[in-house]
Each structure stands twice: as structure tokens, then as C-alpha cells.
Amino acid sequence: MSQRVVVIGAGPTGLMLAAELALAGVECTVLEKRADQPNLTRAFGVASRTLELLDARGMADGLVARANVVPTAGLNAGVTIDLTRIPSRFNFMLITPQSITERTIERRCAELGVRIERGVELVGLTQDADGVTLSVVDADGPRTERAAYVVGCDGAHSTVRAALGVEFVGRENRTPITLADVRLTDAGTGAVNAAVSPEGVALLVPFGDGYHRAIVWDRRNDHLPMDAPLELTEIRDAFRRIAGTDHGMRDPRWMSRFLSEQRQAARYRVGRVLLAGDAAHTHSPIGAQGMNTGIGDAMNLGWKLAAAVRGTAPSWLLDSYQAERHPVGARVLRLTDGLTRAALVRSRPLLRLVQLGMRAALSVEAIRRHPRGLVSGVSISYPPHGEHTHRLAGHRAPDADLPGGRLYEQLRDGRFLLVTDDPGVADAARGLGDRIAVVTAELPADLPRTVLVRPDAYVAWAVDGPVPAERVRRVLTDWCAPARDRDATTTG
Ligand SMILES: Cc1cc2nc3c(=O)[nH]c(=O)nc-3n(C[C@H](O)[C@H](O)[C@H](O)COP(=O)(O)OP(=O)(O)OC[C@H]3O[C@@H](n4cnc5c(N)ncnc54)[C@H](O)[C@@H]3O)c2cc1C
């Protein structure tokens, strides 16, 4: 039986997932229908939590060094969001073209031996108890392939999702989005700036390489055909009406128009086939969430699917991908829908009211923390697994300094990490296979004495006081021991 996983789509989600599978020692092939690698700059904002996840694999510092670090986001309603208050090592929004993020992850795929086949399109699939049969077409014509599992990371118009018959629940947004990457005569503050008026929304994002991304939701374009010709004059005119200035836009290197959708797949898993990234959820780019959520999906799924392929997954583990990530996708849809609706209010008095309300609310630090946590991804957490769970269980792991390096540095080989100051706990963990790295060290006073961190940098289990060896073994066996070692114990 094939133990190979085939990932469909070499976007940021598919590449990240492939790298995670390869890191866990699973054979993985990526099929990508495009033969070329266009320098597409769809996503530009890499959020704090995504940088933490990339840091847990050694990819963040290189990306940050080459990109534009933006510490604030401003709205013309007089609201400035201070991103330096995000409780993260990466307390900013990183602005870099999506193609650069993709190349960074792709380099890691190459290091880990992932096979990426370009110019190969998936056209259909069927599955049985032992695996999945894929129908693909490349330059030589049609053929079939076999895999143990298939993951559809093939974007919003996913062929995998269609082949599964999974419903993509939601609707199309009404106002098209117009985009241009331009130089500016008047570059302003260098921060991300949004202007909102009853005419629409105009957003300006600095790439840091002399170009800015201009994005417009122009209410005058409601129901405009997507193939209507696009000139820079249209974008300049929209900026003058909405933001009061066109910043002297010139020299566009790229322009586009599209209509976004708000949709989520009803299920993320059907048997041996799973969905991730835009194939699982798609929404307005307002809030810069799509690529970030896709990379989060991939980190969540990678180690679970690898464990399923290698026979080390408890029965509940692979289904926890949907249980954990479907609510995150739903939350992103609510956030982007809310932002879009608030921004595209037609009536001037109502818009003024929304802006005043936002200004008042965001002047309170306790309230500001909520949108900052949502947009930066640092408030994403998962329901804890097991009984008697600690307050940290399911939350992102703290990046504590440990002997031998920061906690996130010590996650880089993709294993579970058990940190404890109790030699008895450390001894109990040894001998439970190579999937757990053990660090005997004292954590800072505000953290528990023992913490088990999942490969995706979330806390699996934690305890404040002493813990019997038998309980340690039970918990670790439940999370990560080979199936033959696992009995019908429950986590405690
Ligand atoms: C204007 C704009 C701005 C954005 N800004 C941000 C932002 O700042 N931050 C953010 O996080 N997100 C942003 N996004 C969203 C982000 O671009 C997407 O969420 C992201 O690209 C999704 O990644 P993905 O890998 O899931 O899918 P995709 O990037 O769509 O990749 C899917 C891949 O699958 C391939 N494929 C499709 N069908 C098949 C098939 N049948 N066989 C083989 N291959 C196939 C495609 O060719 C493609 O390469 C923005 C989007 C837009 C449009």
C-alpha cells in the first residue's frame, strides 16, 4: 500500500504542508497545474502568529530581514492601531509579496526532499479503504496515481473539494476590488493606511522596495463586469474621492480586478482526503487573513497527517484537524465580513457613527487587545484535549528561554517538546520513542513546572505541581506513542 501523501497546489498552504510532512519523514509529492512560477503579489501581510510558526521551523528571521516591518496601521477616522503592543517576538505586521513567502517555504521543501511537479493538473479522484486514486493530466496526457492520503490545497476553486462533493457555503461579495502596485510621489508616513468614505475604501500598503500596493473597494463599481478594462486613472480617481489624495501614483508594475467571496467548506475531511487553505475557506482580503490562515491550517494538519501515515496517531488526532481549524476559519470569515460591512457602509451619517464608535472603542487598551489578537493571530487557541486540563492547554506555547536556545528554536525538528524541572517526569518520558524531545529545565515563575508542546507550537498538556510518572506516561502515550503502545487510557 502506498504511504505517500499527494498535496494538490503549490501555493503557500500546499508548500507549508509538504514541508511539514517531509520534516516528519513522510514521502510527499506536490502537484501544481501551473508550469510557471509567476511573481504574484496577492498576499502582502504576514501576521505575528504566522511568523511565530515560521520561527518554529527556522524560516522567520530570513523573511523578516528581507521585508518591510510595519509597527502601526492607520485609519482615516483618526484611529491608529499600535501593533508593537502585540505580545509576541514579532510585534508588527510584516509586509512582503506572497511570492517571497512562497519562495522561502519552497526552499525549505527542497532541503527536505519534497518533490514538486509543475504542469500537472488534478482532474478527479476516487478513494477506497486503502488509499486514493488520482486522475491527473500533464504535457504527456492523462494518467492515474495512487496515494495514501490527498490534501487539496488547490485554492478557492478547488477541484479536490468539487470531487468530494463538499459544499462551499457562503456568498459572493458585491463590490469588486481593484489593485495596483505603484510608485508614489507623496509616500506619506510609510505605515499601512486605510481611508473609508461612503464612496468606498482605499488602502495603501508599503512594500518597502519603492512600491506601494493600492487597493480600492469603489462603491461606484458595484456589479461592474470583471473583464472591464482597467487603467491607473480609475484607481487614482477612486483614491482622490475616498482618501482625498492619489499620492501621485505612477509606474504601475501590476494591476488587477477581482470579486472576493465569503465561503467555507462544510467539511475539511472526507476519509483519506482533506482540504486546507483557500480550498477550505475564502474571504475578502480586508484584514490580510487568507495566506496566514492557510499556513496555520498546514501547521496544524502536517504533524497529525504524518502521524496517521506512520501509524502513530491516536484515533481522534486526524479528526481534530477539522475540530480545531474549522472554527478558526469561521472566525476569520466573521472578522473579514464584519470589517467589509463596516467599511462599506453607504450612508454618510451611519459611516460617521461607525467611525466614532470604533475610535471610542479602540481608545480603550482592553478593547484594542481583541482586534489586535484576531488580526495578528496570537489569540487563536484550540479546545483542550483530555480531562483536568491546565489553563495553557490549547494555547500557543510561550517562547521561553531554555538551556540550548529558545523554546521555538527547540521545536525546529518537528517533534513534541517536553519541558520540565522534574527529573522524574523527564525519566518517564524517555523511552517513549523518538517523537518527543525532553528538556530538563526550570521554566519562568509564571509558567507551569511541566509543559508538553505539540509540534505546531501549541500546548498539549501542562501541570503546575508534581506529577506521578504513571500519569506522564499515560498522557504522552495518548498524544504521541505508536498505536501498538497505546491502550484504552484517557488523558488526565
Ligand atoms: C488582493 C489580495 C490580497 C491579499 N492579501 C493577503 C494578505 O495580506 N495576507 C494574507 O494572509 N492573505 C492575503 N490574501 C489571500 C491569499 O492570497 C490567499 O489566501 C492564499 O494565496 C491562499 O493560499 P493557498 O495556498 O491556500 O491557495 P492558492 O495560493 O490559491 O494556491 C493554490 C494553488 O493550487 C493550484 N491548483 C489549483 N487547482 C489545481 C489542480 N486542479 N491541480 C493542480 N494544481 C492546482 C493553483 O495553480 C495554485 O498554485 C490576499 C488575496 C488577495 C486576492
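Keep in mind it's a predicted model, so treat the numbers as computed, not measured. (Residues numbered from 1 in each chain as written. Predicted model: local features only at pLDDT ≥ 70, side-chain atom pairs only at ≥ 80, totals over all residues. Heavy atoms only, no water.)

Draft legend 1. Representation of the sheet that holds strand 22 (residues 281-282) in the model. Pairing within the open sheet is antiparallel, and its three strands lie in the order 13-19-22. Single-partner strands in this sheet number two, and they are strand 13 (168-172) and strand 22. (Pairing = 2+ DSSP bridges. Helix = DSSP H or I, 4+ residues; strand = E, 2+ residues; numbered from the N terminus.)

Draft legend 2. Summary view of the pattern of salt bridges. On inspection of all chains with the given rule, the structure shows 40 salt bridges. Two residues, Glu 32 and Arg 34, come together in a salt bridge whose shortest N-O distance is 4.0 Å. You can call Glu 32 buried: its relative accessible area is 8%. Taking relative accessible area as the criterion, Arg 34 reaches 32% and is therefore assigned partly exposed. In this structure, Asp 319 and Arg 269 form a salt bridge, with 2.9 Å as the shortest nitrogen-oxygen distance. Here Asp 319 is found in helix 8 (residues 319-343), whereas its partner Arg 269 is found in strand 20 (residues 269-270), with 50 residues between them in sequence. (Salt bridge = Lys/Arg side-chain N within 4 Å of Asp/Glu carboxyl O. Buried < 20%, exposed > 50% of the residue type's maximum accessible area, 1.4 Å probe, protein only.)

Draft legend 3. Expanded view of the site of the ligand. Residues in close proximity to the ligand total 31 residues, the closest being Glu 32, Arg 42, Gln 98, Asp 278 and Met 291. One of the side-chain nitrogen or oxygen atoms of Thr 13 is found 2.8 Å away from an oxygen atom of the ligand. At 3.0 Å from a nitrogen atom of the ligand is found a main-chain nitrogen or oxygen belonging to Lys 33. If the ligand stood free it would expose 1000 Å²; the protein chains cover 93% of that surface. Contributing elements (two or more residues each) for the shell around the ligand: helix 1 (12-23), strand 2 (28-32), strand 9 (121-127) and helix 7 (290-310). Partitioning the shell around the ligand into residue classes produces 13 nonpolar, eleven polar and seven charged. (Near = heavy atom within 4 Å. Polar contact = N/O pair within 3.5 Å; in protein donor to acceptor, adjacent residues only side chain to side chain. Areas by Shrake-Rupley, 256 points an atom, 1.4 Å probe, with all protein chains shown as cover. Nonpolar A, V, L, I, M, F, W, Y, C, P; charged D, E, K, R; others polar.)

Draft legend 4. View of the packing of aromatic side chains. Counting across every chain of the model gives six aromatic pairs. Arranged with centres 6.3 Å apart and planes meeting at 85°, the rings of Phe 90 and Phe 92 form a pair that is edge-to-face. Side by side, Phe 90 and Phe 92 carry an identical accessibility label, which is buried. Grouping aromatic residues by their ring pairs yields a cluster made of Trp 303, Trp 316, Phe 416 and Trp 479. The ring of Tyr 458 carries Arg 49 above its face, with NZ or CZ at 4.4 Å from the centroid. Arg 272 extends its terminal NZ or CZ atom over the ring of Tyr 149, reaching a point 5.0 Å from the ring centre. (Phe/Tyr/Trp six-rings, centres within 6.5 Å; stacked < 30°, edge-to-face > 60°. Lys NZ or Arg CZ within 6 Å of the ring centre and 35° of its normal.)

Draft legend 5. Up close: the pairing of strand 26 (residues 436-440). Across five bridges, the pairing between strand 25 (residues 416-420) and strand 26 is parallel. Looking at the pairing, Leu 417 lines up with Ala 437 of strand 26. Read as a crossover between parallel neighbours, the route from strand 25 over helix 11 (residues 423-429) to strand 26 is right-handed. (Right-handed = clockwise from strand over helix to strand, strands pointing away.)

Draft legend 6. Focus on the sheet that holds strand 10 (residues 132-138). In spatial order, the strands read 9-10-11; together these three strands make up an open sheet with antiparallel pairing. Each edge of the open sheet is held by one strand with a lone partner, namely strand 9 and strand 11 (141-147). Neighbouring strand axes in the sheet, compared pairwise and without regard to direction, differ in orientation by 25° on average. As defined by bridge partners, strand 9 adjoins strand 10 across six bridges and the pair is classed as antiparallel. Looking at the pairing, Leu 122 lines up with Val 136 of strand 10. (Axes fitted to C-alpha atoms, helices over the stretch in contact; angles between N-to-C directions.)

Draft legend 7. Molecular detail of the nonpolar core. Residues Val 5, Leu 21, Leu 51, Val 150, Val 151 and Leu 305 are the most contacted members of the largest nonpolar core, which totals 67 residues. Setting aside its immediate chain neighbours within four residues, Leu 305 contacts Val 5, Leu 21, Tyr 149, Val 151, Leu 274 and Leu 318. (Core = buried A, V, L, I, M, F, W, Y, C linked by side-chain atoms within 4.5 Å. Contact = heavy atoms within 4.5 Å.)

Draft legend 8. Structural context of the environment of Asp 422. Secondary-structure assignment places Asp 422 in the loop between strand 25 and helix 11. Looking at Asp 422, the relative accessible area reads 14%, which means it is buried. Along the sequence, Asp 422 and Ala 441 sit 19 residues apart, while their C-alpha atoms lie 8.2 Å from each other. What Asp 422 contacts, discounting residues up to four positions off in sequence, is Arg 449, Pro 466 and Val 467.

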